[in-house]
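The chain contents come next:
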Amino acid sequence: MIKKEMIAMLLAGGQGSRLGVLTSKVAKPAVAFGGKYRIIDFPLSNCINAGIDTVGVLTQYQPLRLNTHIGIGIPWDLDRNIGGVTILPPYEKSTNSEWYTGTANAIYQNIDYIDSFNPDYVLILSGDHIYKMDYEVMLEYHKSNNADLTIAAMPVPIEEASRFGVVITDETNRITEFEEKPAHPRSNLASMGIYIFTWSVLRDALKANKDQPSCDFGKHVIPYCHERGNRIFAYEYNGYWKDVGTLGSYWEANMELIDIIPVFNLYEEFWKIYTKSDALPPQYVSAESKIERSILGEGCEIYGEVFNSVIGANVVIEEGAVVRDSIIMQGTVVGKGSQLYKTIIAENCRIGEGVVTGVGEYAESKLDPKVYAFDLVTIGENSVIPDHVTIGKNVAISGETESADYPGGNLASGEYIVKAGGEK
Amino acid sequence: MRAVGIVLAGGNNKKMKELSYKRAVSAMPIAGSYRSIDFTLSNMTNSHIQRVAVLTQYNSRSLNEHLSSSKWWNFGRKQGGMFVFTPTITADNSNWYRGTADALFQNLNFLKNSHEPYVIIAAGEGVYKLDYNKVLEYHIEKKADITIVTKQMDESEDVSRFGQVQTDEDGRITSFDEKPMVASSHTISCGIYVVRRRQLIELIERCAQEDRFDFVKDILIRYLHLKRIYSYPITTYWSNISSVESYFRTNMDFLKPEVRNFFFKEYPDIYSKVEDLPPAKYNPGAQVRNSLVSSGSIINGVVENSVLFKKAYIGNGCVIRNSIILNDVYIGDNSHIENCIVESRDTIWTNSTYIGSPDDIKIVLEKNDRFMFN
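What counts, and where the lines are drawn
Residues numbered from 1 in each chain as written. Chains lettered and ligands numbered in written order. Predicted model: local features only at pLDDT ≥ 70, side-chain atom pairs only at ≥ 80, totals over all residues. Heavy atoms only, no water. Phe/Tyr/Trp six-rings, centres within 6.5 Å; stacked < 30°, edge-to-face > 60°. Helix = DSSP H or I, 4+ residues; strand = E, 2+ residues; numbered from the N terminus. Buried < 20%, exposed > 50% of the residue type's maximum accessible area, 1.4 Å probe, protein only. Domains from an automatic or database assignment. Contact = heavy atoms within 4.5 Å. Buried area = accessible area lost by both parts, 1.4 Å probe. Polar contact = N/O pair within 3.5 Å; in protein donor to acceptor, adjacent residues only side chain to side chain. Core = buried A, V, L, I, M, F, W, Y, C linked by side-chain atoms within 4.5 Å.

1. Quick look at the packing of aromatic side chains
In this structure the tally under the stated criterion is 28 aromatic pairs over all chains. Ring geometry for Phe197 of chain A and Phe217 of chain A: centres 5.6 Å apart, planes at 35 degrees, overall tilted. Taken together, the positions of Phe197 of chain A in strand β11 (residues 189–198) and Phe217 of chain A in helix α7 (residues 217–227) put the pair 20 residues apart, joining distant regions of the chain. Overall, the relative accessible area of 0% leaves Phe197 of chain A in the buried class. Residues Phe262 of chain B and Phe263 of chain B carry aromatic rings whose centres are separated by 5.0 Å and whose planes lie at 70 degrees to one another, so their mutual orientation is edge-to-face. Residue classification places Phe262 of chain B among the buried residues on the basis of a relative accessible area of 14%. A relative accessible area of 1% places Phe263 of chain B in the buried class.

Now the structure itself:
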């Protein structure tokens, strides 16, 4: 008989629309991070480092990059005879075929997968957080409390607590109340979206809520468990944790890696973060180039200047180009003499010669002011920027643009160009 | 592919000086992210050779560690695989490998149990890119018994550490001198051979009966006029790294764009064991010029015309010029290193100075304790 004490279910199906053009072709968990990684590497590495060798990854939105990245799980040692990593897309059934309509619905549709391992506990993770966490310690805590559900929660400054789902606990850390984005928070313990359920409890809750449209953990399943009087505990976590769900927080989390001794340190031997990486040559730095306060992936060729930036693998920065406060993902080429400032460039872009970005006054985005609310230029993958154009602040560009798209060689702050597919 | 591969990776070489104290020449780190044997193994997998034997003996630990999994070179398959053969004591043999031919003889079952008609034998210390299928086609076209890959070296080059060949106009080798005191030719053997499997088994068995152990002296040279031995000239980059000077120069060659393009940009790729290291980090004070930097490195000082291997830590105020820093080296603040090869896992204390000269590269071995404060 196959038996695993705890298996993990990783929710990786969301678009992450608040990352704008960065996720127009790729699911948020597959977005590059930190010059080498993808966001999903963090929960996957946490799983294997915590001794969880069975992980179901629920995919739905644009899964190609995610599927090729995960493969059979070799980089994370998740290629197992029993267990390992399994990609779980929505599938057709004889009746009631549907997409994953919500986080809990996605788990509900995969009850058979979970049952096949006869687990005592199920760990629910999301694929958009940057952190290192030992889920095994959390499981010990769950067991010692004889809990039905344990929610990882992190103390945040009370003035910021209104941005989060907040839990209110008694002296034993048992959760007595939930508040979703409260105007006047009564607690500063924010839920991190990491749950350990006793499987029998979750199974019953999912079945009971199966007809709930868009069945969601936060909105439906956890309130249901709470109403039934299940034992729900908060597991307090005090390490580094970052939700990279917005362009601003994504940029910040990347920039935190380049501090002299980063709070979130990738250079420690303990609790390594694994990723799929090809055997790449070292980076070449030419005699004319300057690089300071930056991290750079393998295979880069740098002929220009790079300051305060995170540069992915195989990026080429040509002579005279200056990159500041920017994130450039793998395979992008920055042409001669370009000047990039506070710019996020996704994979395999071609930035022409003499391109200037991030200049001028800030202006509200005409594309989507909720998504593009930072003074960052965001360029989607496989985009082309023609030579000698000037681009303002808070601009979004996606697709193969031409000089004709830039009247007078300019794109003012707050403007956007979205081509090829037209998805934002 | 119609051939099995054999990589000869057993040798030591005094010309590597201190660098061979702890590793086989085939395990020497090359170009920041690779080891010398990666080039031959990648060539084999890229030539669609599926069964490969690696024969090791001297300091084989270093190599075994690198070859811990065959998946990096795509050999871990049901059809084929990579086999590492170190000398073993058996009922009828208690010797080390007494030479290359003896190493083949002691593993003759590998050849006997294969079904591929040809064998590619290659040394593990060459840095090159070669499609062995092209050599095999040439071998068949010339109806050769043995084909040797050769390289035309520059007339100014000292070739005394190589086997030197002369050929007739058809490419058949007419003379083969093994490391002669006076150079007879600047066409040298690269230590890469193609031979029919049954022919090889026959030659090796005969050799063993006569208590002869060396593939070059006892097979190539002895059979030179009896067998049809041909020369296949390699025209692209080839370098043998088994002396300190050539090792240094080969690494420095990767600072040239044409060499990097040839190996890293053009098809096919060179593979190596992938280590899970973070991106290289450049802190304030870093000034890197004309250098290769590998993953996991942290740079706080000046690095010029140098090759940094993985996990190099360069302290504040350091000046590193024209040097090779091997894997996992910690260099304390304000150190000055010029024209050196710093051995892997060295720890160099602050304010140290090591200066070699371009004609006499200094090898730095510093096994100090490393204190990490974090």
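2. Description of the domain arrangement of chain B
All names here are of chain B. Once the domains are mapped, chain B shows domain 1 (3–265) and domain 2 (281–364). A straight line from the C-alpha centre of domain 1 to that of domain 2 covers 32 Å. On the domain 2 side, the residues contacting the 21 residues of domain 1 number 22 residues. Of the roughly 1,700 Å² buried between domain 1 and domain 2, counting both surfaces, carbon and sulfur atoms make up 66%. Considering only the surface of domain 1 that becomes buried against domain 2, Gly32, Phe248 and Leu255 emerge as the three largest contributors, covering 33% of it. Where domain 1 packs against domain 2, one counts four residue pairs in polar contact (both at pLDDT 80 or more).

3. A look at the nonpolar core
Judged by nonpolar contacts, the single largest core of 49 residues is most densely connected at Ile317 and Ile391 of chain A together with Tyr282 of chain B. Among the elements of the structure, β28 (377–379) of chain A together with β14 (280–282) and β25 (340–342) of chain B are those that each provide at least two residues to this core. When residues no more than four places from it in sequence are discounted, the contact partners of Tyr282 of chain B are Gln283, Val285, Ile291, Glu292, Arg293, Ser294 and Leu296 of chain A together with Val288, Val293 and Ile299 of chain B. Core analysis: the next-biggest nonpolar cluster, separate from the first, contains 43 residues, Ile40, Leu66, Met138 and Val166 of chain A among them.

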